[in-house]
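Geometric and topological summary
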Amino acid sequence: MLARLTQVEFVPAARRFTQLQSLAAWFGEASYNTADRWTGKAQSSCQASPTFRTNCATWRSVHTTPYAHAAAGNNDADSPVPAEHHGDAAKQPVTPASAGTDNGDGEADEYEKVRQIEEAHLAESMERLIMEAYKLLQKGDMEQAESLLQEGSVALEQGLGSESSHPRQAEILDQLSLFQFLQGKLPEAEMHARRSLAVIQDHFEIGDPAVCMCELRLGAILFSMGQYQEAKELITDSYEGLRSALGDASQVAGESRYYLALMTLLAADSEEAVTQTDRSAGLRNMRSNAGAGPLLVQAALREHNRLVDNELTSESWDKAAWLFRQEIRLRNGVDPGSEDLSLLLYQFATLQYTRGLYDEAEALTQFSLDIARSVYKHDENQTMLRRHRLGTVLDCKGSAEDATKILTESFNHFDKRLGPKNPLTGEAQFALGLSGMRRMLQARQSKEGLDPYSKVLAPKQEQKLMQQMQKGLQAMQAGFGADHMLVKKALTDYDLTASAMRRLETSR
């Protein structure tokens with residue numbers, strides 16, 4: 001696109017690009033509170049090679065946009081910026097003498113030198129800006145990193161003019177869409193990803209890694225938004241191009257492969273169909289990204305979990321269980337012993353508890369509790385939540401003594417911390433009443449039956465326990481909602497208990 005600009009319009013426009021340097025410095029000072037913002041490693045890395053500026057100036061001519069850097073395998077462990085965002089000066093040496101040729105036209109040759117200098121200024125400032133964004137990202141300042149890229153995008157568009165496009169514009173839009181995708185800001189991410197793809201298609205052919213990487217970003221965002229058909233087309237094209245250019249083990253090819261594998265889950269009708277495609281390799285590839293790897297993995301797992309939620313919402317319990325098991329394997333492979341894994345195990349345990357699969361529910365709850373005791377050392381609420389679920393499961397398995405002890409602890413804890421109307425307090429209250437009623441029914445149905453004294457007290461005790469269950473159920477309905485799986489199970493258990501009591505009364 002730069003070649004289309006006249007000498008008159010190019011020079012002032014390109015000079016305006018250098019405001020990105022001061023912009024990056026301003027954000028850096030605000031973030032790190034240091035006046036020596038550009039001293040040290042960040043600046044020296046730009047000056048390390050005498051050909052740095054010239055290489056940036058000829059970025060287009062040697063076909064080494066930030067998107068193509070992944071092919072070079074640049075993965076500097078000391079840099080916060082992923083390989084595809086590093087300069088490629090060392091691999092594409094260009095000297096000032098070779099930047100232009102003397103064709104007898106001194107004016108044209110002078111213009112070409114100015115053009116390359118200004119292009120180098122743009123490249124350097126963009127490199128710094130993106131590096132700063134990734135530093136903020138790694139510090140956890142996602143919003144500020146996004147703001148930095150937004151400011152940079154606006155400044156770049158002002159410099160280019162509304163009718164112009166440049167590969168650097170696609171780069172910053174791609175990064176902006178990535179940061180928004182990681183935060184779950186999907187409409188904004190889609191808008192910037194579409195613009196990035198449109199700009200990069202002005203400069204590269206379909207199938208070029210630069211185009212494929214933009215297709216991948218847009219495809220992943222559309223998948224998150226449930227626009228599966230367009231997402232599949234984009235990600236399929238992306239995977240084929242990236243695998244051919246960079247190899248199947250590259251970070252971006254792995255990301256494409258992972259999302260294509262997620263596509264197969266939409267039509268999966270058996271647990272074998274869910275597990276037949278390996279998704280863990282794609283996660284490992286993504287994690288190798290030196291800048292955003294862990295966040296890319298979290299976003300990828302977030303999308304897998306969204307599929308689980310869809311099945312839970314539609315009450316497709318079997319498929320939800322298949323997906324739960326797979327996500328547990330994936331999370332345990334990339335982040336064992338994490339809070340997210342503990343929560344996932346607890347959620348799956350709750351599902352299996354409501355389905356009456358108590359052995360699996362107990363194992364899952366214990367696994368979740370073991371992790372929680374390690375990662376939530378100073379948060380008793382989290383460990384008590386899991387102990388509470390363990391108590392409900394043990395009661396259903398007939399371990400009344402252990403269950404009563406745990407449920408009494410959880411009820412007292414939740415009642416004190418959360419109040420009597422909290423649904424967790426209500427569930428513990430309901431579970432204690434249910435456990436008591438089960439023991440009463442077992443005693444009545446045993447050969448020995450109740451002793452004379454207990455027979456006298458039994459009606460009042462049973463009435464009190466049933467009222468306790470009713471009160472707990474009301475708190476659950478108010479807090480969880482009538483359609484919650486725990487509420488539905490509680491209603492079923494209440495009705496079964498009441499029916500058993502009526503049968504005993506009529507048989508007397």
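Here we summarise the structure given alongside this text. The residue numbers shown here count from 1 along each chain, following its written sequence. Totals for whole chains, interfaces and linings use every residue, but because this is a predicted model, local features are given only for residues with pLDDT of at least 70 and side-chain atom pairs only at 80 or more, for both listing and counting. Each side-chain value is derived from all of the structure's non-hydrogen atoms; neither hydrogens nor water enter the calculation.

Considerations on the packing of helix H12 (residues 228-246) against helix H13 (residues 251-265)
Interaxial angles span 0 to 180 degrees and are taken between N-to-C directions of axes, which are lines fitted to C-alpha atoms, for helices over the stretch in contact. Strands here mean DSSP runs of E at least two residues long; helices mean DSSP runs of H or I at least four residues long; both are numbered from the N terminus. In contact at an axis separation of 8 Å, H12 and H13 are set at 145 degrees when each is read in the N-to-C sense. Of the two elements, H12 crosses H13, and the hand of that crossing is left-handed. Along the contact surface, H12 presents Tyr228, Ala231, Lys232, Ile235, Thr236, Ser238, Tyr239, Leu242, Arg243 and Leu246, while H13 presents Val252, Ala253, Ser256, Arg257, Tyr259, Leu260 and Met263. Partitioned by chemical class, the residues of the contact of H12 with H13 number 11 nonpolar, three polar and three charged. By convention the crossing between two helices is left-handed if the near helix lies anticlockwise of the far one by an angle smaller than a right angle, and right-handed if it lies clockwise. Note on contacts: a residue pair qualifies if any of its non-hydrogen atoms lie within 4.5 Å across the two residues. Residues were grouped as follows: Ala, Val, Leu, Ile, Met, Phe, Trp, Tyr, Cys and Pro as nonpolar; Asp, Glu, Lys and Arg as charged; and all remaining residues, including Gly, as polar.

Side note on the pattern of salt bridges
Any Lys or Arg side-chain nitrogen located within 4 Å of an Asp or Glu carboxyl oxygen qualifies as a salt bridge. As enumerated under the stated definition, the model contains 24 salt bridges in all. We note a salt bridge from Lys185 to Glu143, for which the minimum N-O separation is 3.2 Å. Separated by 42 residues along the polypeptide, Lys185 in the loop between helix H9 (167-182) and helix H10 (186-200) and Glu143 in helix H8 (residues 142-160) bring together distant segments of the chain. Working definition: with a 1.4 Å probe on protein chains only, accessible area under 20% of the residue-type maximum means buried, over 50% means exposed, and in between means partly exposed. For Lys185, a relative accessible area of 22% gives the class partly exposed. With a relative accessible area of 46%, Glu143 lands in the partly exposed category. Several salt bridges share partner residues, and in doing so they unite Glu143, Glu146 and Lys185 into one network.

Regarding the side chain of Thr425
In this structure, Thr425 sits in helix H22 (residues 423-445). Thr425 sits in the buried class, given a relative accessible area of 0%. Contacts described as polar in this section are N or O atom pairs within 3.5 Å, which, within protein, must combine one atom able to donate a hydrogen with one able to accept it, while residues neighboring in sequence count only if both atoms come from side chains. Within the local environment of Thr425, its side chain forms a polar contact with the backbone oxygen of Phe414, the two atoms lying 3.2 Å apart. Thr425 has contacts with Phe411, Phe414, Asp415, Leu418, Gly419 and Pro420, leaving out every residue within four places of it along the chain.

Details of H12
Helix length check: H12, at 19 residues, gives a terminal C-alpha distance of 25 Å against a target of 27 Å (1.5 Å per residue), a fit within 8%. Considered for burial, the residues of H12 that qualify are Ala231, Leu234, Ile235, Ser238, Tyr239, Gly241, Leu242 and Leu246. Residue Gly247 follows H12 closely and has a positive phi angle near 95 degrees. Take the number of residues in a helix, subtract one, and multiply by 1.5 Å to get its expected span.

Considering the packing of aromatic side chains
Pairing of aromatic rings covers Phe, Tyr and Trp, the last through its six-membered ring, and needs centres within 6.5 Å; plane angles under 30 degrees mean stacked, over 60 mean edge-to-face, and all others mean tilted. As enumerated under the stated definition, the model contains six aromatic pairs in all. A ring pair is formed by Tyr134 and Phe179, whose centres lie 5.4 Å apart and whose planes are at 85 degrees; its orientation type is edge-to-face. Taken together, the residues Tyr134 in helix H7 (residues 106-139) and Phe179 in helix H9 connect sequence positions 45 residues apart. For the pair shown, Tyr134 and Phe179 are each scored as buried. Summarising the aromatic geometry, the rings of Tyr353 and Tyr358 are spaced 6.2 Å apart at their centres and angled 55 degrees between planes, so their arrangement reads as tilted. Judged by relative accessible area, Tyr353 falls into the buried class, the value being 7%. Among the residues examined, Tyr358 registers a relative accessible area of 19% and is labelled buried. Site record: aromatic cluster; members linked through ring pairs are Phe223, Tyr228, Tyr258 and Tyr259. The rule for a charge over a ring is simple: NZ of Lys or CZ of Arg within 6 Å of the ring centre, and within 35 degrees of the ring normal. Sitting over the face of the ring of Tyr353, Lys489 holds its NZ or CZ atom 4.9 Å from the ring centroid.

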